[in-house]
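A closer look at the structure
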Amino acid sequence: MTNYSELAVKLFDIEAIKFGDFTLKSGIQSPIYIDLRVLVSHPEISIEVSELLWDAALKQASPFKFIAGVPYTAMTMAGVMFAFHRIPMLICRKETKDYGTRKRIDGQFSPGDVCLLVEDIITSGSSVLETAEALTAEGVVVHDVVVFLDREQGGKACLKQNGINAHSVFSLSELLEWLVDAGKITHSTMEKVQAFIAGNQCSQLVPHLGDTQSDKTKNICKQLSYGERAVLCKNSLAKRLLEVMSAKETNLALSADVTESQALLKLADEIGPFICVLKTHIDELKDFSESTVKQLVKMAEKHNFLIFEDRKFADIGQTVQQQFQGGLYQISKWADIVDAHSLPGQGVIDGLKQVGASKGCLLIAEMSSKGNLITESYTKSTLQLAEANRDFVIGFICTKKISDDPRLVHFTPGVHLNSSGDLKGQQYITPQEAIGSRRSDVIIVGRGIISAENPVTAAQMYQKAGFQAYLEQIQ
């Protein structure tokens, strides 16, 4: 009998399973990469995997006459099953030959014959559906598929909608636990992969086989809603932010860059109903007083928004700790969220967390100003720092989505309905581009609202544009 945990370690050791930072075919950055094609160089492991698939077929699948491997990796596994168990096999090509018999299906079969599909990994189920579609077009019946590894991203449900039952040898969750127990990966790595899987679920768009070629089955990765993401959050501040965004139907943050307290409080009261976050540069106020922030906190409670002080901490831990809790502004007493540069390293986070553990920190991963010196390598290091401090870091200031962890929130500045720029290097993008194309979460808008003839009307326009772009993403 196969020891599943030992098999998981074997797969890890031959690099069939890798952990790191990988760009998938879709363009999404993934913390895990599974490539079972390497099994062709390891016949003993390949046989072990194929035998497990055969056992799953006998125990779980309905009766079948043929087997067929989904092109191309699983065809080797089906070949082992064919040779070891004398089961007839069909070969299904991805494309029709343009020579000879011009067949797409090779093998001798009759209409009505039942074929069991064999697959190595299932994510969305699209490859299985394409193979099943080719077989059913020739009159072959497909009821089941046996799969070695289920990535748990919705593929089984998609296949079920199409009348195909998927039976997996084991799941990605089980694989991760076995590798943790064997000391091959850390709990942190496992949690990172689990968060990625939770945030990249697949949704079936066309729920029936047999459609015309123009309606060929398609799949997309489903983006979780703010509410669904809130459930995943262990950080109470991130959870609260996403719940506010969901309840108020807004992903708008107002950058309230004004120089007088009365103007700040007026904006907070008038624009508060339409925003999830109010961002301040408190040191711009000429008449700052403790009364100002007390009234601002009351406005936040009244209109259910969070206060974000854009302090951009960037010093050693001891210094930022004093800047956060002391001085004239005593930011830790009234701000829900602050931001920091990752340049000082872990120390800046430790310093802030010691006095504001219940708060949330955004790391500055990218900037919207022209000619800024942030590099791709710096952004990647910032991402790693955030992932190591998810108890306090709730997301990023960035120009686009940089993490697929649904617990981290992306704030994008420089958003304007008119995508141009100013004379001081600010480069604007539209709400649709920020939320839709760049897949950010929160749009930060300043002058587009404050300088408008009617700031309230402008805020409503930005709220509607940003939230509509979000709805299009999750739908």
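Predicted, not measured: the structure shown is a model, and the values here were computed from it.

What counts and how
Residues numbered from 1 in each chain as written. Predicted model: local features only at pLDDT ≥ 70, side-chain atom pairs only at ≥ 80, totals over all residues. Heavy atoms only, no water. Helix = DSSP H or I, 4+ residues; strand = E, 2+ residues; numbered from the N terminus. Buried < 20%, exposed > 50% of the residue type's maximum accessible area, 1.4 Å probe, protein only. Contact = heavy atoms within 4.5 Å. Areas by Shrake-Rupley, 256 points an atom, 1.4 Å probe, with all protein chains shown as cover. Phe/Tyr/Trp six-rings, centres within 6.5 Å; stacked < 30°, edge-to-face > 60°. Pairing = 2+ DSSP bridges. Axes fitted to C-alpha atoms, helices over the stretch in contact; angles between N-to-C directions. pLDDT = per-residue confidence, 0-100. Expected span 1.5 Å × (residues − 1). Arc of directions from axis to C-beta. Salt bridge = Lys/Arg side-chain N within 4 Å of Asp/Glu carboxyl O.

**Brief notes about the overall build of the protein**
Summing up its helical and strand segments, the protein has 17 helices and 18 strands in all. C-alpha atoms of the protein, sized along the principal axes, occupy 85 × 50 × 40 Å. Out of the 475 residues belonging to the protein, those deemed buried represent 51%. Across the protein, every contact between residues at least 6 apart in sequence was considered, and the portion connecting residues at least 24 apart equals 64%. Carbon together with sulfur atoms contributes 50% to the accessible area of the protein, which is approximately 21500 Å² in total.

**What about the packing of aromatic side chains?**
Scanning the model with the defined rule gives 13 aromatic pairs in all. Plain terms: the ring middles of Phe148 and Phe170 are 4.9 Å apart, the flat faces sit at 65° to each other, and that makes the pair edge-to-face. Of this pair, Phe148 sits in strand β7 (residues 141-150) while Phe170 is found in strand β8 (residues 165-171), placing the two residues 22 residues apart along the sequence. We classify Phe148 as buried; its relative accessible area is 1%.

**Considerations on the sheet that holds strand β15 (residues 360-364)**
Neighbouring strands of a sheet are bound in pairs by backbone hydrogen bonds; such pairs are parallel or else antiparallel. Spatial ordering of the closed barrel is given by β11-β12-β13-β14-β15-β16-β17-β18, a layout of eight strands whose pairing is parallel. Strand after strand, the sheet turns through a mean of 30° between neighbouring axes, direction not considered. With three bridges connecting them, strand β13 (residues 306-313) and strand β14 (residues 337-341) associate as parallel partners. Within β14, the residue paired with Glu309 across the bridge is Val338.

**Comments concerning the side chain of Ser225**
Along the chain, the position of Ser225 falls in the loop between β10 (219-222) and α8 (226-232). A residue is classified by how much of its surface remains accessible, and Ser225, at 17% relative accessible area, is buried.

**Brief notes about the pairing of strand β18 (residues 442-445)**
Neither face of β18 is open: one carries Val442 and Ile444, the other Ile443 and Val445, and all of them are buried. Note: strand β11 (residues 252-255) against β18, three bridges, orientation parallel. Of the residues in β18, the one forming a bridge with Leu252 is Ile443. Sheet topology note: the strand β17 (residues 409-412)/β18 ladder contains two bridges and is parallel. Counterpart to Phe411 in the pairing with β18 is Val442.

**Section: the sheet that holds strand β6 (residues 114-122)**
Across the sheet, four strands lie side by side as β3-β6-β7-β8; this open sheet has parallel pairing. Only two strands of the sheet have a single neighbouring strand rather than two, namely β3 (66-69) and β8. Here the average twist between neighbouring strands, direction ignored, is 20°. Where β6 lies against β7, seven bridges are found, and the strand directions are parallel. In the sheet register, Ile121 faces β7, and the bridge partner there is Leu149. Sitting on the sheet, helix α2 (residues 43-60) is in contact with β6, β7 and β8, with an inclination near 135° to β7. Helix-sheet contacts for helix α4 (residues 126-136) involve β6 and β7, and the interaxial angle to β6 is about 160°.

**Structural notes on the confidence of the model for the protein**
Averaged over every residue, the pLDDT of the protein is 91; the share at 70 or more is 92%. The model gives residues 204-208 a pLDDT under 50, and that stretch makes 18 contacts with residues more than four places away or in other chains. Across residues 210-220, where pLDDT falls below 50, the model places 22 contacts with residues more than four positions away in sequence or in other chains.

**Re the pairing of β6**
Of all nine residues that make up β6, nine are buried, and the element is covered over most of its length. The pairing of β3 with β6 spans four bridges and is parallel. Residue pairing in the sheet places Ile67 in a bridge with Leu116 of β6.

**Digging into helix α14 (residues 376-387)**
For α14, which comprises twelve residues, the first-to-last C-alpha distance of 17 Å matches the rise-based estimate of 16 Å (1.5 Å per residue) to within 8%. Among the residues of α14, those classed as buried are Thr379, Thr382, Leu383, Leu385, Ala386 and Glu387. Buried residues along α14 sit against α7 (187-199), α13 (346-355), β15 and β16 (393-397).

**Notes on helix α12 (residues 317-325)**
For an α-helix, 3.6 residues make a turn, and residues three or four places apart therefore share a direction. Looking at α12, one finds that the buried residues are Gly317, Val320, Gln321 and Phe324. Axial view of α12: buried residues confined to an arc of 105°, hence all on one face. Looking at the packing, one finds that the buried side of α12 touches β13, β14 and α13. Immediately beyond the C-terminal end of α12, within one or two residues, lies Gly327, with a positive phi of roughly 70°.

**Side note on the pattern of salt bridges**
Considering all chains together, one arrives at 21 salt bridges under this definition. The salt bridge involving Asp35 is made with Arg37; its shortest N-O contact spans 2.7 Å. Assessed through its relative accessible area of 48%, Arg37 is described here as partly exposed. Connected through salt bridges with shared partners, the residues Lys279, Asp310 and Lys312 form a single ionic network.

**Things to note about the environment of Ser255**
In this structure, Ser255 sits in strand β11. Taking the relative accessible area as the measure of exposure, Ser255 reaches 6% and is therefore buried. Sequence separation between Ser255 and Glu309 is 54 residues; the distance between their C-alpha atoms is 9.8 Å. Ignoring sequence-local partners within four residues, the contact set of Ser255 consists of Lys279, Ile444, Val445, Gly446 and Ile450.

**Remarks on unusual backbone geometry**
Residues Pro71 and Tyr72 are joined by a peptide bond in cis, for which omega reads -5°. Within the fold, Tyr72 resides in the loop between β3 and α3 (73-85). A positive phi is found at Asn304, a non-glycine position, where the angle reads about 60°. We note that Lys312 has phi near 55°; this positive angle belongs to a residue other than glycine. Its place among the elements puts Lys312 in strand β13. We classify Lys312 as partly exposed; its relative accessible area is 30%.

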